[in-house]
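One-letter residues, chain by chain:
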Amino acid sequence: MSAVPRSYNPFAEDDEEDAAGAGGAGEADRQRYLQQEVLRRSAASADSTARSLSLLYESERIGVAASEELVRQGEALKRTEQMVDKMDQDLKTSQRHINSIKSVWGGLVNYFKAKPPESKPEQNGAPDYYANSRLKEAMMSSKEQESKYQESHPNLRKLDNSDNDFSKADLVSSVQRDDSYPKNQQLRAYHQKIDTNLDEMSSGLSRLKNLALGLQTEIEEQDDMLDRLTRKVETLDINIKNTDKRVRQL
């Protein structure tokens, strides 16, 4: 009597082997897909940090330009204040002459009265004005970084990220020996590029903070200068009206 059961299928073993082979191929395809997905997401993260770094440096460039414009505004305010002081001095001299013309007693008073101090003329018309030290240091620090950024990020003045695509050769060449990064060379290069961009972003944000603090200090100082200039102009206006009134009485 045969030991093989009637329900035995001699082709079942071949089917099981084919199914096992198909399952192994499916697992390999899944792993390849996951690896490609990890690489794709890493590349997208590297591109995102590069674009963020570009915008950060663009903001820093605008901050430096605003700082330079604010310094020029301070120089203009200083020149205006010096002109008002000169007008006030000339007005006092005119008042002395009016007193001499008006009466003999006024002339005697002017003779014994001390003359108003004369302001020294400016050399080459250059205003004696300097920005606060915090703003100057922040501007110098930001300007020093601009050349480095242009070397590594040629899209400083445009937001197109077409130049930020990393080629495989560049990625492999930038790989460094570090156990904290993945073993895959391409993935390791992406992670290193992301870390580098994040470090540069941290430094850039620190410089932006210093620029903002320097701008705040400069604005506060110029605000005080505006208040002082306003008071001087108001006083000068009153003195001009009084002098005009005295001239009409001659």
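What you are looking at is a predicted structure, and each value in this text was computed from that prediction instead of being measured. All residue numbers refer to positions counted from 1 along the written sequence of the respective chain. Where local features are concerned, this predicted model is filtered to residues with pLDDT of at least 70; where side-chain atom pairs are given and counted, the filter is 80 or more; whole-chain, interface and lining totals use all residues. To obtain the side-chain values, all non-hydrogen atoms of the structure were used and water was disregarded.

*Asks:* In this structure, what is going on with the overall build of the protein? I would like to understand it.
*Replies:* Looking only at helices and strands, the protein has 5 helices and 0 strands in total. To qualify as a helix, a DSSP run of H or I must reach at least 4 residues; to qualify as a strand, a run of E must reach at least 2; elements of each kind are numbered from the N terminus. What you see in the protein, going N to C, is helices and strands ordered as α-α-α-α-α. Throughout, exposure labels follow a simple rule: accessible area from a 1.4 Å probe, protein chains only, divided by the maximum for the residue type, with under 20% read as buried, over 50% as exposed, and the rest as partly exposed. Out of the 250 residues belonging to the protein, those deemed buried represent 25%. Any two residues whose heavy atoms approach within 4.5 Å at even a single point are treated as in contact. Contacts spanning at least 24 positions in sequence make up 78% of the contacts within the protein whose residues lie at least 6 apart.

*Asks:* Is there a simple way to think about the side chain of serine 42 in this case?
*Replies:* Mapped onto the secondary structure, serine 42 falls in helix 1 (residues 12–102). In contact with serine 42, other than residues within four places in its own chain, are Leu187, Tyr190, His191 and Ile194.

*Asks:* What is the right way to look at the pattern of salt bridges in this model?
*Replies:* It is possible for side chains bearing opposite charge to pair when their charged atoms get close. The rule for a salt bridge is simple: a side-chain nitrogen of Lys or Arg has to be within 4 Å of a carboxyl oxygen of Asp or Glu. Counting across every chain of the model gives 13 salt bridges. Arginine 41 is the partner of glutamate 37 in a salt bridge, and the nearest nitrogen-oxygen pair spans 3.1 Å. Here glutamate 37 pairs with arginine 41, and both are found in helix 1, just 4 residues apart, close to one helical turn. Note on glutamate 37: relative accessible area 18%, which makes it buried. Judged by relative accessible area, which is 52%, arginine 41 ranks as exposed. Ionic pairing is found between arginine 207 and glutamate 60, a salt bridge with its closest N-O pair at 2.7 Å. Taken as a pair, arginine 207 in helix 5 (residues 185–248) and glutamate 60 in helix 1 lie far apart in primary sequence, 147 residues in all. On the basis of relative accessibility, which here comes to 3%, the residue glutamate 60 falls in the buried class. It is possible to trace a salt-bridge network through shared partners that takes in Glu81, Asp85, Arg228 and Lys232.

*Asks:* Please explain the environment of alanine 66 as it appears in this structure.
*Replies:* With respect to the helices, strands and loops of the structure, alanine 66 is situated in helix 1. For the pair alanine 66 and leucine 211, spaced 145 residues apart in sequence, the C-alpha to C-alpha distance is 9.8 Å.

*Asks:* Is there a simple way to explain the confidence of the model for the protein in this structure?
*Replies:* Detailed reading of the predicted model is not advised wherever pLDDT is low. For the protein, the mean per-residue pLDDT works out to 75, and 64% of the residues sit at or above 70. Known as pLDDT, the predictor's confidence for each residue is given on a scale from 0 to 100. The secondary structure element of the protein with the lowest average pLDDT is helix 4 (residues 168–173), at 45, and the one with the highest is helix 5, at 90. Counting contacts from residues 156–177, a segment whose pLDDT is below 50, to residues more than four positions away or on other chains yields 41 contacts.

*Asks:* Explanation requested: the nonpolar core in the structure shown.
*Replies:* Soluble globular proteins tend to pack their nonpolar side chains together in the buried interior. Grouped together as the largest cluster of nonpolar side chains are 9 residues: Val64, Leu70, Val71, Ala131, Leu135, Ala138, Met139, Leu211 and Leu215. When contributions to this core are tallied by element, the ones reaching two or more residues are helix 1, helix 3 (133–152) and helix 5. Beyond its immediate sequence surroundings of up to four residues, leucine 135 is in contact with Ser67, Val71, Leu211, Gly214, Leu215 and Glu218. Only buried Ala, Val, Leu, Ile, Met, Phe, Trp, Tyr and Cys residues count toward a nonpolar core, and they belong to the same one when joined by side-chain atoms within 4.5 Å. Core analysis: the second largest hydrophobic core is formed by 7 residues, Leu91, Tyr129, Leu229 and Leu236 among them.

*Asks:* Teacher, can you tell me more about the environment of tyrosine 130 here?
*Replies:* Turning to its location among the elements, tyrosine 130 is positioned in the loop between helix 2 (104–112) and helix 3. Under the relative-accessibility criterion, tyrosine 130 is labelled exposed at 63%.

*Asks:* How do you make sense of the environment of isoleucine 98 when you look at a structure like this?
*Replies:* Checked against the element boundaries, isoleucine 98 lands in helix 1. The exposure class of isoleucine 98 is buried, given its relative accessible area of 7%. Sequence separation of isoleucine 98 and valine 247 is 149 residues, and the distance between their C-alpha atoms is 7.2 Å.

*Asks:* Help me understand a negative patch on the surface in this model?
*Replies:* Here the term patch refers to residues with relative accessible area over 30% and no salt bridge, with like charges joined within 9 Å and nonpolar side chains (Val, Leu, Ile, Met, Phe, Trp, Tyr) within 5 Å. To be clear on the numbers: accessible area is Shrake-Rupley with a 1.4 Å probe, and residue cover counts the displayed protein chains and nothing else. In this tally, Lys and Arg are treated as positive and Asp and Glu as negative; His is ignored, and so are the chain termini. In this description, the location of a charge corresponds to atom NZ of lysine, CZ of arginine, CG of aspartate or CD of glutamate. On the surface, a cluster of negative charge is made up of Glu220, Glu221, Asp223, Asp224 and Asp227. Secondary-structure assignment places aspartate 224 in helix 5. When its relative accessible area of 46% is taken as the criterion, aspartate 224 is described as partly exposed.

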